[in-house]
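Chain by chain, the residues run as shown.
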Amino acid sequence: MSNKLVLVLNCGSSSLKFAIIDALTGDDQISGLAECFGLEDSRIKWKVDGKKQEASLGAFTAHREAVEYIVNKILGDHPQIAEQIHAIGHRIVHGGEKFTQSVIIDESVVQGIEDCAALAPLHNPAHLIGIRASQASFPELPQVAVFDTAFHQTMPEKAFIYALPYKLYRENAIRRYGMHGTSHLFVSREAAKAIGKDIADTNIICAHLGNGASVTAIKGGKSVDTSMGMTPLEGLVMGTRCGDIDPSIIHHLVSRLGYTLDEVNNLMNKQSGLLGISELTNDCRGIEEGYENGHKGATLALEIFCYRLAKYIASYTVPLGKLDALVFTGGIGENSDLIRAKVLNLLEIFNFEVDDERNKAARFGKQGQITTDNGPIALVIPTNEEWVIAEDAMSLLSK
Ligand SMILES: Nc1ncnc2c1ncn2[C@@H]1O[C@H](COP(=O)(O)OP(=O)(O)O)[C@@H](O)[C@H]1O
Ligand SMILES: CC(=O)OP(=O)(O)O
Ligand SMILES: [Mg+2]
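Residues numbered from 1 in each chain as written. Chains lettered and ligands numbered in written order. Predicted model: local features only at pLDDT ≥ 70, side-chain atom pairs only at ≥ 80, totals over all residues. Heavy atoms only, no water.

**Student:** In this structure, what is going on with the domain arrangement of the chain? I would like to understand it.
**Tutor:** As a measure of interface size, the accessible area lost when the parts come together is often cited. When the domains of the chain are assigned, the result is domain 1 (5-147) and domain 2 (198-385). Here domain 1 and domain 2 have C-alpha centroids that lie 27 Å from each other. The partner domain 2 presents 6 residues to the 8 residues of domain 1 that form the contact. Carbon and sulfur atoms supply 57% of the area that domain 1 and domain 2 bury against each other, a total of about 550 Å² over both sides. When the buried surface of domain 1 facing domain 2 is broken down by residue, L119, L122 and H123 rank first, second and third, together holding 52% of it. Across the domain 1-domain 2 interface, the total number found is 0 salt bridges. Where domain 1 meets domain 2, there are 1 residue pair in polar contact (both at pLDDT 80 or more). Residues that form the side of domain 1 that touches domain 2 fall into these classes: 4 nonpolar, 3 polar and 1 charged. (Domains from an automatic or database assignment. Contact = heavy atoms within 4.5 Å. Buried area = accessible area lost by both parts, 1.4 Å probe. Salt bridge = Lys/Arg side-chain N within 4 Å of Asp/Glu carboxyl O. Polar contact = N/O pair within 3.5 Å; in protein donor to acceptor, adjacent residues only side chain to side chain. Nonpolar A, V, L, I, M, F, W, Y, C, P; charged D, E, K, R; others polar.)

**Student:** Looking at this structure, how should I read the side chain of N124?
**Tutor:** Assignment of secondary structure puts N124 in helix 4 (residues 124-137). A polar side-chain atom of N124 sits 3.0 Å from the main-chain carbonyl oxygen of H94. Apart from the residues lying within four places of it in its own chain, the contact partners of N124 are I92, V93, H94, I113, C116 and A117. (Helix = DSSP H or I, 4+ residues; strand = E, 2+ residues; numbered from the N terminus.)

**Student:** I'm lost on the pattern of salt bridges in this one. Help?
**Tutor:** When the charged atoms of two side chains with opposite charge come close together, those side chains can pair. Taken as a whole and assessed by the stated rule, the structure comprises 20 salt bridges. Residue K45 pairs with E35 through a salt bridge whose shortest N-O separation is 3.2 Å. Of this pair, K45 sits in strand 4 (residues 43-48) while E35 is found in strand 3 (residues 28-35), placing the two residues 10 residues apart along the sequence. The exposure class of K45 is partly exposed, given its relative accessible area of 33%. (Buried < 20%, exposed > 50% of the residue type's maximum accessible area, 1.4 Å probe, protein only.)

**Student:** Explain the packing of aromatic side chains to me, please; I cannot follow it from the model alone.
**Tutor:** All told, the structure shown has 7 aromatic pairs when counted by the stated rule. Centroid distance Y166 to Y169: 5.6 Å. Interplanar angle 80 degrees. Geometry classified as edge-to-face. Residue Y169 is classed as buried on the basis of its relative accessible area, which comes to 16%. Grouped by ring-pair contacts, the aromatic residues F160, Y166 and Y169 constitute a single cluster. A cation over an aromatic ring shows up here: R175 above the ring of Y177, its NZ or CZ 4.6 Å from the ring centre. (Phe/Tyr/Trp six-rings, centres within 6.5 Å; stacked < 30°, edge-to-face > 60°. Lys NZ or Arg CZ within 6 Å of the ring centre and 35° of its normal.)

**Student:** Would you mind showing me how to read the UniProt feature "binding site: Mg(2+)" (unreviewed entry) in the chain here?
**Tutor:** Under the local residue numbering, the UniProt record ascribes the feature "binding site: Mg(2+)" (unreviewed entry) to N10 and E385. The greatest C-alpha distance among the residues just named is 9.8 Å, despite their covering 376 residues of sequence, which places them together in space. Looking at the secondary structure, you find N10 in strand 1 (residues 5-11). The class of E385 is buried, set by a relative accessible area of 15%. Once residues lying within four places of it in the same chain are set aside, the contact partners of E385 are R91, T182, S183 and H208. (UniProt positions renumbered as here; feature names shortened; annotations may be inferred.)

**Student:** Would you mind going over the site of ligand 1 with me for this structure?
**Tutor:** Taken together, 14 residues surround ligand 1, and among them K17, N211, D283, C284 and G331 come closest. One nitrogen or oxygen atom from the side chain of K17 is found 2.7 Å from an oxygen atom belonging to ligand 1. I332 has a polar backbone atom sitting 3.3 Å from an oxygen atom of ligand 1. In the complex, 75% of the free accessible area of ligand 1, which totals 580 Å², lies under the protein chains. Elements with a minimum of two residues in the shell around ligand 1: helix 11 (284-292) and helix 14 (330-335). With 4 residues, the single largest contributor to the shell around ligand 1 is helix 14. Among the residues forming the shell around ligand 1, the class breakdown is 3 nonpolar, 7 polar and 4 charged. (Near = heavy atom within 4 Å. Areas by Shrake-Rupley, 256 points an atom, 1.4 Å probe, with all protein chains shown as cover.)

What follows is the structure, encoded as structure tokens:
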């Protein structure tokens, strides 16, 4: 059978991740990242057959130029790959309540994504630019939207309604939506396979720890609670995002300390989290290095990150009742044996017993159990959001 390749685009506010991926096997033929949009040194990096390449995109360029570069230069150099692309799959962070599953993009879908932009102002406008650019570059190919929020649409009202006047939900769609759904879905399915259980009978807590981070309680394959909220700001401590804080701090910053609302938004999204606490870096590798060298800020940031995460994990035993596996994924979850061990030790009440050898072995893309066989199971499962997007695109198009 000929390969069914899908070009997957994940447009962020200042970057674009892409992959050309086989929907059947999940293997990527080409993958890369265009970054520093709008700055003097916008650039693109990619990998073909394990070989890394890099180029400048030109000063002050952004999504459109990046898509054009992918089409004209990268695919131009690899026509045998280009001609096997059947569809474009777009990661869309916010689909509100309108999109409960992936859809083929038409003008009404574009309008729907635009309608959700107020709920994800950093993400959805960038996705729309990516959709328009790839429609222009690939007019003959179908485009599919895959939503981060869709997986969490199974949450019950008690998990998604804020304790605000109900009218704000009814009239303004203000509620918790949750993100990283594509990752939580993939990882929970793989975890069920790894422990030899049917996903329908499985209770899993999944911690996706990347630049953004969220934890989800998954019962019978369905999301029943998750830590991100109306936007990706709620919940855990993240690279540059604060996660949960007392909402009155916003009023205090504006009325007493003279911040504008835009400055507060920027502060909480881009200057907080690991970066804000450590006063060193948002990158977990740098935080770990600081911690090893006795850097006070990095040590505190690491401690708060693990403490908040452990508290969330413990609280998700409430909707689940019982736990078959705790799963770590995302750049931090897949690589930081230090953070995993710290979190499992904080969860002592559940009797997790870290197996140091297994914990060290499950890094850099390797899946595995990281606890001993004497207690509850914690696993590392590398995520693959791009594969889910490619699979969804091909299965929608074959209907
Ligand atoms: N070996 C490692 N040890 C600890 N943290 C790591 C390691 N490799 C990557 N990370 C961390 O993973 C995070 C990025 O995760 P990733 O899932 O790639 O993010 P994104 O949300 O952009 O997809 C960064 O904080 C990075 O420092
Ligand atoms: C929703 C979100 O936080 O995405 P990312 O982790 O890619 O920033
Ligand atoms: Mg990611």
